[in-house]
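Observations on chain architecture
Below, each chain spelled out in residue letters.
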Amino acid sequence: MGLFNAIDEFFTGPAAEVEMMSASEQREQAQRLNELQDEEETFGLTEKSSANIRQLSSSSNSSSGNDSNDSGGSVKLLLSLIGGFVAIYLTYEYGVGNGVKVSSSDGSINHPTILPTDTSTNLDAVPTTFTKEILHDTRQAATEFIDLLHNYYGGENKAKAMLVESWQAHWNLEKDAILSYNDDVDDRNNDDNDDDDSVNNPGERSLGKKKGVKKAKNILNNPDNMTPEELSQHHHHKKERTTKLVTTMARALLNPEQTKFTIGTIGSSVAAGHDNCHYDSYESQLERTLTPIFAAAKMDLQVQNAGEGGGCGDSHKNQVFCVAQNLSPDVDIIHYSWTYFEKGGAEEQREQLVRWAQHMPRRPMVHHLVARGKANTCEADSAENVALDRTYALYGYNAFCIQTGLYFGGHDYDTEIANDQNRFGWQNHGDGYHNTTRYGEALPDDDPRKESLGVVYRNWHPGPLGFQIASDAFAYVYISGLLLALDIIEEDMESGANVFERWFDTSAGRRVLDVEEEDRHVGQRQLLQLPPLEKMPDPHFCHPLYCNTPHPPSCLNYELPTFGPAGIHADSVTDDWSLWHEPNKWNYMVGKVDIAIFKKKNDPEWFEKCTHLDACGGMTTSGKGTGKIVYDLPVEQMTAGLVVICVCCGKKISESMVLNNDNMVFKLNDRVLDKKDMDLYPVDKCVRLLKGFEEDGYEKEEKMLLSVEVMGGETEVKISHVIVL
C-alpha cells in the first residue's frame, strides 16, 4: 500500500473495519438532510385542541363572511368534516399506527430518502416507522429516567434546581408554561428559573485546595431586576430556546432516514476526561445514560468525544474551525468545553461555532460545558455571555457549569470551606449529596474503584462524580424536551393529523396555524419558523467575513480523534512525507489511582475502556528532508478566502517551523505566497496564509491547489491542520 493510499485510509478507514460513508455518500446525505432541515421551525406556544389542526388548515381558503345562520350549509360542512376525518383517521391508523413501510419489487424495504417540504407534496403518503407502540415505550423509558433522577437528587424540585435552573440561560420545560401565548405576563413570582438562588462564573481562579467559589455581584438575566419589556423578551427567549430543543428531538424521532441520535463534544482535556479513565468522562456517562431511552425509540445513540489535551498546542481558537470534521457532519447537538483556555473571553469562538453549526445538516444546538462556575449563576454576570444567550436563543444556545449545578442543590459549601473542608479541592471525595457515582454505588464497599469514582475534582480536571452532574444535567434537559415532543406527536396521532406536517412541511399554508390575535385561546398552538440562514442576526463578536459564510469551514485535521470526513484532500504527496501520530498507551492521561487499580486487575477490557482517544499527529518530514504536498482546496465551499495551516507540537511552534523557516515554501496555484503578508491566526500554532480573496488580491478560481514544499534544512516540519473558509 502506498503512502497516499495509507493516508486516505486514515481518514476513511478500511471498509471492513470502519463504518464510514464515502465522500459522495456523505455529500448526498448532507444535501438530503439540508433539504430536510433548512426550514427549521419552532412550535409555539399554546396547547391546542388536537382536532383544530385539520379544521383550520382545511378551512383556510374558505370565506370568513359566511352567514352563521345558514343551517343547511352548516350541516353539509359538518357531514363533510366528519367524512373527511373518518377517511384521514382510517388511513392514518393503518399507515402510521402500524408503521407502514414501502416494499420494493425484490421484497426489501424502501424508506423515503427525503421528507417533502413543498406545498404540492401529499405528506399523508409519506410513511413513518415511529408507531404508537414505540412512542409509548419511549415515553415509559424517558419517564422512568426522569423519576430516577428526581429520587437520586432528593425530590423533583431539588433535581430541577440543580439540573435545569442552574444553566446560564433559562429553560422552560413545563408543558403548561411552554404552551402559553402570554409572553407579556409579569410572572416573576412564578418564574421556573428565578435567579434569586442562582450563580455565575468566571474570573481567573485556580482550583486550589483552599480557595472557595466566587459569587457574582450582578446577575444580568435575573427576572426580578427586569423592566416589563425586558421580562417579556426574557420569557420569549425561554420559549425559543426550549422550542429548538423540542424540535430537535421530534425531528430525530420522526425522520425515517435517521436511525442514530448524535451528540458531539469539541474541547480541551476537560472534555477528553483526562486524569480519569475515558470510561468516566462525562460523555461516556451520558452515552450510557441515554442509550436505553433512545433504544426504546428504535434509535442508536452516540456521544462523540473529540476532546484533546493542550500538549499539541491547540485551543478553542483553531478547533472550532474543524467542527465539521472533528464531529460527524450530521451531529444533532454540539458540546463545547474549553474552560481553562478561555482567558480574556472566548465570545468570538462560541459565536463562530453557533453560527457555523447552523450550516451543518441538522442545524445542531450548541451547549457549553464549564468545569467550574459561580455559586449563584453560571456566568450570567457577563454581558458577553448574556448577549449570546439572547441572540441565539432561537438556535438553542446555552451553558451549564458544574459547580453552579452543585450549589443550586442547597448544600452549604461556603460554611464547609470556612471550616477548611473544600469539596472542590483536589482529590476530595463526595459532593455533599453522594459519596460516589450511581454506577459506583453498585460496587462492593471494598472495591477501591468505588472510592475513586467519588472524586469531584482530580485537580483542575473534574473527577467522575463531578462529571456525573454534567452528564445528568444534559440528560435531564434533553429527555424533558423529548417528552414534550412525544406529547405533541401523540396529539397529532390522536387527531389523525399527519405527524410529519408539523415538523417538516415548509409551506406556510400547511404548517402555520395563522389565527387572528383575538381568536387565540388555550386550545390552539401556532408554529413559528427559524429565519432563513441568510437572515441570521448580525454577529456581535466574530468578524462578518468569517461569520456570515454559507458553509462551515473546511478542515483537514491529522490529530486524533476525528469523527467526520476530512473537508480537504491531498492531491499528491511525495514519499518524503509520512503520517505520524503520538503513540499513547492505555494509561496516557489516566489518574495514578486508576492506573494502580487496573494494573492490579490486569484486565485488557478495562485497559481499553480507560484508553483516551486523543493524540497529536500530522504529516511530517524529518530534519534535512525534502518533500511536497499539494492540497486540493474545496473551491465551492470557499467564500471568504481564508487559508490557514497549523503545525505541531506546541503553542508557539509556528514561528520557527513556518514563518522563520526559509526552506518551507507555500504556493497557491503555483504563485508563491509572501510570508511577510502572513500572521499567526487563529492561535499561535497556526499561520494565516491568506486572509481573504479581495484583501490579499487573490480571486477565487475554478481550481485552487495549495502546495507545501520543504527543501531540506534542519527544521522538522509537522503539519497538523489545513483550514479554509
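Above: the structure in question.
So, here is what we can say about the structure in this document. From a predicted model like this one, the values you see are computed outputs, not experimental measurements.

Thoughts on the packing of aromatic side chains
One pass over the structure, following the stated rule, counts 24 aromatic pairs. Judged by centre distance (4.9 Å) and plane angle (25 degrees), the ring pair of Phe261 and Phe294 falls under stacked. Of the two residues, Phe261 is situated in strand β4 (residues 260-267) and Phe294 in helix α10 (residues 282-296); the sequence distance between them amounts to 33 residues. Under the relative-accessibility criterion, Phe261 is labelled buried at 1%. Between Tyr279 and Trp606, the ring centres sit 4.9 Å apart and the planes meet at 70 degrees, which makes this aromatic pair edge-to-face. Residue Tyr279 is located in the loop between α9 (269-272) and α10, and its partner Trp606 is located in helix α24 (residues 604-610); the two are separated by 327 residues in the primary sequence. When the ring centre of Trp606 is taken as reference, the NZ or CZ atom of Lys609 above it lies at 4.5 Å.

Re the nonpolar core
One finds Phe130, Met249, Phe261, Phe294, Leu406, Ile479 and Ile489 to be the most contacted residues of the largest nonpolar core, which totals 76 residues. Setting aside residues up to four positions removed in sequence, Phe294 forms contacts with Met249, Phe261, Met299, Asp300, Leu301, Ile479 and Leu482. Residues Met619, Met638, Phe666 and Leu673 belong to the second largest nonpolar core, which totals 36 residues.

Quick look at the side chain of His274
Take His274: it is sitting in the loop between α9 and α10. A polar contact is formed between the side chain of His274 and the side chain of Asp614, at a distance of 3.0 Å. Apart from the residues within four sequence positions on either side, His274 is in contact with Ser269, Gly309, His461, Tyr588, Met589, His612 and Asp614.

Describing the pairing of strand β5 (residues 300-307)
A regular strand carries its side chains on alternate faces of the sheet. Of all 8 residues in β5, 6 are buried, a share of seventy percent or more. Strand direction decides the pairing type here: β4 and β5, joined by 8 bridges, are parallel. Paired with Ile266 across the bridge in β5 is Ala306.

Thoughts on the pattern of salt bridges
Per the counting criterion, the structure on display carries 20 salt bridges. Across the pair Arg449 and Asp280 runs a salt bridge, and its minimum N-O distance is 2.8 Å. Of the two residues, Arg449 is situated in helix α18 (residues 448-452) and Asp280 in the loop between α9 and α10; the sequence distance between them amounts to 169 residues. Given a relative accessible area of 4%, Arg449 falls into the buried group. A salt bridge links Asp381 to Lys374; its shortest N-O distance comes to 2.5 Å. For Asp381, a relative accessible area of 23% puts it in the partly exposed group.

Rules behind the numbers
Residues numbered from 1 in each chain as written. Predicted model: local features only at pLDDT ≥ 70, side-chain atom pairs only at ≥ 80, totals over all residues. Heavy atoms only, no water. Phe/Tyr/Trp six-rings, centres within 6.5 Å; stacked < 30°, edge-to-face > 60°. Helix = DSSP H or I, 4+ residues; strand = E, 2+ residues; numbered from the N terminus. Buried < 20%, exposed > 50% of the residue type's maximum accessible area, 1.4 Å probe, protein only. Lys NZ or Arg CZ within 6 Å of the ring centre and 35° of its normal. Core = buried A, V, L, I, M, F, W, Y, C linked by side-chain atoms within 4.5 Å. Contact = heavy atoms within 4.5 Å. Polar contact = N/O pair within 3.5 Å; in protein donor to acceptor, adjacent residues only side chain to side chain. Pairing = 2+ DSSP bridges. Salt bridge = Lys/Arg side-chain N within 4 Å of Asp/Glu carboxyl O.

What is shown is where atoms sit, not what they do.
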